[in-house]
Amino acid sequence: MIPTIDSDELKKELLAIFVDLIALCDKHGLEYYLSGGTAIGALRHQGFIPWDDDIDIYLKREDYNRFLALAPELSRPESPYEIIDPTMPGYYLAFAKFCRKESTIWESEDRPFLTGLYIDVFPLDEWDGSNKNIELAIRYRKTWEAYSRSVTRPLRGEWKVALSKLDLKKTLGLCHSAWLRTQSNRLDAKLRRMEEEIQDIHGDYLYCYGLNQALQNKVYPKAWFEGRVDVQFEGIQVKTHTGTHEYLSKQFGDYMTPPPEAERVSLHGRFFLDLYHRYRDPKEVYAIING
């Protein structure tokens, strides 16, 4: 039987993880900034967007690398947390997660990679706006999309349904995914090389390369991230960048006006979620679901 998760309970647990992540950042001198919907929530609602259920932060590349370097320390048995990073086999995203060990999230059934309840940690790299820079951003994102597909697994009966319905598009897609699974190591090595290229770029702007393909509304002047201010988030004081209003306006437009009612839904997939127990083998989860 799948555990039933109350939205308020989920947000309470996420907030507790955020408090501990802030303490970790403060301890090690890492300057974090609120990202995306978390930044909107802080400025518009002084907390979570009511229909949202995650927390995202940015770290500039230097601090992001220092954050990843804390993984061995957090891997000790006495630590309640761990860091999931993009170099881990089977992990299909271009950014890190700060996870609570005693919990489980399996986001998409066709990607059998289980983590703990998490906060997303996005790296901000420099951007110079050159054609070479734009081309690299596009290649990097496309390679991540290919790598992500390379670690997917077909769902039970997916091939049978596609073939029985003579669904040529679906069948070709499954064939392509099967071929990509043979390319996983090559794609991973290619990503590591491109990340070295990205970190060699120096410019007056910041950009999160793993999220999209060179979208100009997501290129931000460094000046917006040169200072930090205090804001309220669910009753706690957190910090974000001084240019948060400018950043949100550029990316989202009139972010202070909520979207239409029909669009007020969570966009996060969760095939399985348990807030208080960690499963690491998908077979364990299937036993619960099918039990």
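The structure displayed is predicted, hence computed values, not measured ones.

### Focus on the overall build of the protein
When helices and strands are counted, the protein shows ten helices and twelve strands. Rg of the C-alpha trace for the protein: 20 Å, near the compact-globule value of 19 Å for 291 residues, within the 12% margin. Projected onto its principal axes, the C-alpha coordinates of the protein cover approximately 55 × 45 × 45 Å. The long-range share in the protein, meaning contacts at least 24 apart out of those at least 6 apart in sequence, stands at 68%. A total of about 14,500 Å² of accessible surface is found on the protein, and carbon and sulfur atoms cover 54% of it.

### Remarks on helix α9 (residues 244-252)
Every buried residue belonging to α9 is among T244, Y247, L248 and Q251, and all of these are buried. Seen along its axis, α9 keeps its buried residues to an arc of 90°; they face one direction. Its buried side turned inward, α9 meets β1 (32-34), α2 (36-45), β2 (56-60), β9 (220-221) and β11 (236-241). Looking one or two places after α9, you find G253, whose phi comes out positive at around 80°.

### Overview of helix α7 (residues 168-181)
Every α-helix carries 3.6 residues per turn, so stepping three or four residues along brings you back to the same face. For α7, with 14 residues, the first-to-last C-alpha span of 20 Å sits near the 20 Å given by 1.5 Å per residue. For α7, the set of buried residues is T171, L174, S177 and L180. Here the buried face of α7 lies against α5 (131-150), α6 (158-164) and α8 (184-199). N-capping of α7 is provided by D167, with a side-chain oxygen placed 3.4 Å from the backbone N of K169.

### Quick word on the pattern of salt bridges
A complete count under the given rule lists 16 salt bridges for this structure. With its nearest N and O atoms 2.6 Å apart, the salt bridge here joins E13 to R100. Of this pair, E13 sits in helix α1 (residues 7-28) while R100 sits in strand β4 (residues 96-100); the two residues are 87 residues apart in sequence, bridging distant segments of the chain. Residue class for R100 comes out buried when judged on its relative accessible area of 13%. For the salt bridge of E126 with K222, the shortest nitrogen-to-oxygen distance reads 3.1 Å. Of this pair, E126 sits in strand β7 (residues 118-127) while K222 is found in the loop between β9 and β10 (228-233), placing the two residues 96 residues apart along the sequence.

### Some remarks on the nonpolar core
Counting residues in hydrophobic clusters, the biggest one holds 75 residues, and the most contacted among them are F18, L21, Y58, F67, F98 and V121. If one sorts the elements of this core by residue count, α1 sits on top with nine residues. For V121, the residues in contact, after removing those within four places along its chain, are L21, I57, L59, Y64, F67, F95, A96 and F98.

### Some words on the packing of α5 against α7
In contact at an axis separation of 8 Å, α5 and α7 are set at 95° when each is read in the N-to-C sense. Here α7 runs roughly perpendicular to α5, going by the angle between their axes. Contacts between α5 and α7 involve A146, R149 and S150 from the first element and G173, H176, S177, L180 and R181 from the second. Residues of the contact of α5 with α7, tallied by class, amount to two nonpolar, four polar and two charged.

### Here we look at the pairing of β10
Two strands pair when backbone bridges link them, and β10 and β11 are joined in this way by six bridges, in the antiparallel orientation. Bridge pairing in β11 links F233 to I236. Hairpin geometry of β10 and β11 is characterised by an intervening segment of two residues between the two adjacent antiparallel strands and by a positive phi of about 50° at E234.

### Describing the environment of V229
Along the chain, V229 falls in strand β10. Separated by eleven residues in sequence, V229 and T240 place their C-alpha atoms 5.6 Å apart. Look past the residues within four positions of V229 in its chain and what remains in contact with it is V238, K239, T240, H241 and T242.

### With respect to unusual backbone geometry
Of note in this structure, L166 is not a glycine but carries a positive phi near 50°. One can find L166 in the loop between α6 and α7. Given the relative accessible area of 75%, L166 is considered exposed. Even without glycine at this site, E234 takes up a positive phi of about 50°. In this structure, E234 sits in the loop between β10 and β11.

Analysis parameters
- Residues numbered from 1 in each chain as written.
- Predicted model: local features only at pLDDT ≥ 70, side-chain atom pairs only at ≥ 80, totals over all residues.
- Heavy atoms only, no water.
- Helix = DSSP H or I, 4+ residues; strand = E, 2+ residues; numbered from the N terminus.
- Rg over C-alpha atoms; globule rule 2.2 N^0.38 Å.
- Contact = heavy atoms within 4.5 Å.
- Areas by Shrake-Rupley, 256 points an atom, 1.4 Å probe, with all protein chains shown as cover.
- Buried < 20%, exposed > 50% of the residue type's maximum accessible area, 1.4 Å probe, protein only.
- Arc of directions from axis to C-beta.
- Expected span 1.5 Å × (residues − 1).
- Polar contact = N/O pair within 3.5 Å; in protein donor to acceptor, adjacent residues only side chain to side chain.
- Salt bridge = Lys/Arg side-chain N within 4 Å of Asp/Glu carboxyl O.
- Core = buried A, V, L, I, M, F, W, Y, C linked by side-chain atoms within 4.5 Å.
- Axes fitted to C-alpha atoms, helices over the stretch in contact; angles between N-to-C directions.
- Parallel < 35°, antiparallel > 145°, perpendicular 65-115°, else oblique.
- Nonpolar A, V, L, I, M, F, W, Y, C, P; charged D, E, K, R; others polar.
- Pairing = 2+ DSSP bridges.

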